[in-house]
Each structure stands twice: as C-alpha cells, then as structure tokens.
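Listed here are the chains, written in short residue letters.
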Amino acid sequence: QVQLVESGGSLMQPGGSLRLSCVASEDISGARVVRWHRQAPGKQREWVALLNRINMIDYADSVKGRFTISKDNAKNTVYLQMNDLQPADTAVYYCNVVWGTTNYWGQGTQVTVSS
C-alpha cells in the first residue's frame with residue numbers, strides 16, 4: 001500500500017514563509033507527476049503546483065512567484081516552499097503522486113495564515 005505523509009503545516013502570519021514536505025513510501029523518481037493541491041473551508045479542492053517526470057513545472061496563477069515545488073528523489077520527498085503567505089492561502093494542503101495511471105493522495109496538512 002503506497003503511503004504519502006505530509007507535514008509542515010502551521011499557523012503563520014501574513015508575509016511569512018513555510019515549507020511543506022510529503023514523504024512517499026515508494027520511489028518517486030518513477031512517478032509520472034507529483035502535485036500539490038489545497039482545499040479551503042467551504043471550497044472545492046484546487047490544484048496548486050506540479051512537477052512531472054521531465055521536470056516540467058507549473059503553478060496556479062494564485063501562487064505563481066510565491067510558491068516553489070521541488071523533490072528529492074533520494075529521500076522520496078516532495079516539497080512546497082511557500083513565501084509571502086496570505087490569508088487566502090489558508091487551506092488543507094494535499095500531496096498527490098501519480099505512478100502509472102494511479103493517483104495517490106496524502107492525508108493533508110493544515111496551513112492557516114492569520115494576523
């Protein structure tokens with residue numbers, strides 16, 4: 001059973017920085033794509049960032065220039081560096097990894113941005 005475990009969520013003040021981690025139980029170097037998504041209270045889950053097997057990276061417009069996705073294959077870990085956090089970034093953040101045609105999701109980590 002593949003497992004993804006996110007960590008790093010916290011309560012932050014606006015303008016702060018945070019790095020989320022997602023540790024996979026499988027070798028992520030073979031993953032077709034790794035993504036971060038988020039779900040704010042009362043809203044649908046939305047895609048935030050992706051990094052695919054050929055190292056193509058893309059971001060949602062709402063986070064471009066502030067968030068950075070990366071991965072460390074040796075540690076089977078995907079990261080999301082979040083800078084200049086804003087209250088609108090408050091959400092549960094989920095890691096998503098695709099091996100072959102199968103999607104795997106983590107349990108999520110809460111990020112709250114408030115003054």
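Coordinates for the structure precede this section.
Just so you know, these numbers come straight off a predicted model, no measurement behind them.

Caption draft 1: The sheet that holds strand β3 (residues 18-24), seen in detail. Here four strands make up an open sheet; going across it, the order is β1-β3-β8-β7 and the pairing antiparallel. Looking along the sheet, the strands with just one partner apiece sit at the ends: β1 (4-7) and β7 (67-72). The mean inter-strand angle of the sheet, taken between neighbouring strand axes irrespective of direction, is 15°. Bridge count between β7 and strand β8 (residues 77-82): six bridges; the pairing is antiparallel.

Caption draft 2: Inspection of the pairing of β8 at higher detail. Of all six residues making up β8, five are buried, and the element is well covered by its neighbours. Relative to β8, β3 is paired through six bridges, and the arrangement is antiparallel. The partner of valine 23 across the bridge, within β8, is threonine 77. Taken together, β7 and the strand that follows it, β8, pair antiparallel across an intervening segment of four residues, in which asparagine 76 is found at a positive phi of about 50°.

Caption draft 3: Structural detail: the state of the cysteines. Per the counting criterion, the structure on display carries one disulfide. Here cysteine 22 engages in a disulfide with cysteine 95; their sulfurs sit 2.2 Å apart. Judged by the sign of its S-S torsion, about -75°, the cystine formed by cysteine 22 and cysteine 95 is left-handed. Of this pair, cysteine 22 sits in strand β3 while cysteine 95 sits in strand β9 (residues 91-99); the two residues are 73 residues apart in sequence, bridging distant segments of the chain. Owing to a relative accessible area of 0%, cysteine 22 belongs among the buried residues under this scheme. Here cysteine 95 falls in the buried class, since its relative accessible area comes to 0%.

Caption draft 4: Structural context of the pattern of salt bridges. Scanning the model with the defined rule gives four salt bridges in all. When the shortest N-O distance is used, the salt bridge between arginine 38 and glutamate 46 registers 2.7 Å. Under the relative-accessibility criterion, arginine 38 is labelled buried at 5%. When salt bridges with common partners are traced through the structure, they connect Arg38, Glu46, Arg66 and Asp89 into a single cluster.

Caption draft 5: Just the pairing of strand β10 (residues 102-105), in detail. Pairing between β9 and β10: four bridges, direction antiparallel. Its bridge partner lying in β10, valine 97 is registered against tyrosine 104. Linking two consecutive strands that pair antiparallel, namely β9 and β10, is a turn of two residues; a positive phi of about 65° is found at glycine 100 within it.

How each quantity is defined
Residues numbered from 1 in each chain as written. Predicted model: local features only at pLDDT ≥ 70, side-chain atom pairs only at ≥ 80, totals over all residues. Heavy atoms only, no water. Pairing = 2+ DSSP bridges. Helix = DSSP H or I, 4+ residues; strand = E, 2+ residues; numbered from the N terminus. Axes fitted to C-alpha atoms, helices over the stretch in contact; angles between N-to-C directions. Buried < 20%, exposed > 50% of the residue type's maximum accessible area, 1.4 Å probe, protein only. Disulfide = S-S within 2.5 Å. Salt bridge = Lys/Arg side-chain N within 4 Å of Asp/Glu carboxyl O.

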